[in-house]
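A closer look at the structure
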Amino acid sequence: MSSALSETGANPPPGSIALALGAGGARGLAHIGVLEAFDELGVRPVAIAGTSMGAIVGAAYAAGLSARDIRAHALSLMRKRSEAMARLLKARIGRFARMFSDGLGNPMLIDGEMFLDLFWPEAVPDRFEELTLPFIAVATDFVSRREAALASGPLAPAVAGSMAIPGLVKPVEIGPMILIDGGATNPLPYDHLLDIADIVVACDVMTGGGDAGYAARSPRPFAAVLGAAQIMQVAITQQKLKTRAPDLLIRPAVEAFRALDFFKLGQILQVAEAAKDELKRDIERILRRRS
């Protein structure tokens, strides 16, 4: 697949590294640990691609924030549950009255752009062109039923589209496209980086040792819908890996967390420490081998 950033005939510089951050809801907060590995090694990616939560975290890093800054910001947001919930309610566009009047409204539907305005660090700019690193936000165009990789223009609408989980986050209209969750077509978008960097690193927080976050009982309706989407994303990623895998694939052990376990941020970051240390060793090893 050609990348939204690739240049025809361009050869990636030896030793250059690009990073893909996958979808996964709250599990994607483990991406912060992966970014910390890069910072602690003093290695700067030449480009980042992200889907859904990977796009939210990846865009903040591409804006020039350090992984430590992103960690501190996330912890400050989740420190007081009441304040975090108040922000979330401000981003809500559904109304309980609609649910009863027409049977179609979702009283907890979130406006993704408003959500980002309330939860993103202030340092994140308005446009892709203002980022300090090339960045690709991967969404799905509901109209064409195809993946949409965005790398220029307004940033927040692109990332809001990438995170627009059907039934939970409002779709985003950009030109002729209606964007929904990028996980529907490309949950782990490392393929967009294969022609950009010599070494491609991908962080997968969905595929792994099952899903211990869900008990062995019949799920409630919303959990069933969300779980079905996650099963689909795992299947897509597994098939992609059979075709061509990234140079380094890191899988933090986040199976015990559900997609909406955002208030378990501290535990997720603790689990991500092992993955961070593993990634640092792997990056050092592969750089030595290619030097």
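Everything in this summary refers to the structure shown in the same document. Along each chain, numbering runs from 1 in the same order as the chain's sequence is written. Since the coordinates come from a predicted model, pLDDT governs what is reported: local features require at least 70, and pairs of side-chain atoms require 80 or more to be given and counted, while whole-chain, interface and lining totals use all residues. In computing side-chain values, all of the structure's heavy atoms are included and hydrogens and water are not.

**What to know about the overall build of the chain**
- In this description a helix means any DSSP run of H or I spanning at least four residues, a strand means any run of E spanning at least two, and both kinds are numbered starting from the N terminus. Counting its regular elements, the chain contains 9 helices and 8 strands.
- Burial status follows relative accessibility: with a 1.4 Å probe on protein chains alone, a residue under 20% of its type maximum counts as buried, one over 50% as exposed, and anything between as partly exposed. Here the chain, with 291 residues, has 49% of them falling under the buried criterion.
- Should any heavy atoms of two residues lie within 4.5 Å, those residues are counted as being in contact. Residue pairs at least 24 apart in sequence account for 76% of intrachain contacts in the chain once pairs closer than 6 positions are excluded.
- Computed with a 1.4 Å probe, the accessible areas rest on the Shrake-Rupley method; for each residue, only the protein chains presented here act as cover. With an accessible surface of roughly 13800 Å², the chain has 55% of that area assigned to carbon and sulfur atoms.

**Re the packing of aromatic side chains**
- A pair of Phe, Tyr and Trp rings is counted when the ring centres sit within 6.5 Å of each other, with Trp represented by its six-membered ring. The angle between the planes then sorts it: under 30 degrees is stacked, over 60 is edge-to-face, the rest tilted. Taken as a whole and assessed by the stated rule, the structure comprises 2 aromatic pairs.
- Ring centres of Phe 115 and Phe 119 lie 4.5 Å apart, and the angle between their planes is 20°; on these two criteria the pair is classed as stacked. In this pair, Phe 115 and Phe 119 are both assigned in helix H6 (residues 112–119), 4 residues apart and thus about one turn of the helix distant. Both residues of the pair, Phe 115 and Phe 119, count as buried.
- When the centroid spacing of 5.9 Å and the interplanar angle of 20° are considered together, the rings of Phe 128 and Phe 135 count as stacked. As far as the burial class goes, Phe 128 and Phe 135 line up, both buried.
- Whether a charge sits over a ring depends on NZ of Lys or CZ of Arg being within 6 Å of the ring centre and within 35 degrees of the ring normal. A cation over an aromatic ring shows up here: Arg 44 above the ring of Tyr 61, its NZ or CZ 4.9 Å from the ring centre.
- For the cation-ring pair, Lys 240 lies above Tyr 190, with the distance from its terminal atom to the ring centre recorded as 4.4 Å.

**What to know about the nonpolar core**
- Here, nonpolar core refers to any group of buried Ala, Val, Leu, Ile, Met, Phe, Trp, Tyr and Cys residues whose side-chain atoms link them within 4.5 Å. By size, the foremost hydrophobic cluster in this structure holds 71 residues, and its most contacted members are Phe 38, Trp 120, Phe 135, Leu 155, Val 159 and Leu 279.
- Residues within four places of Val 159 in sequence aside, it is in contact with Ala 55, Ile 56, Ala 59, Leu 116, Trp 120, Phe 135 and Ala 137.

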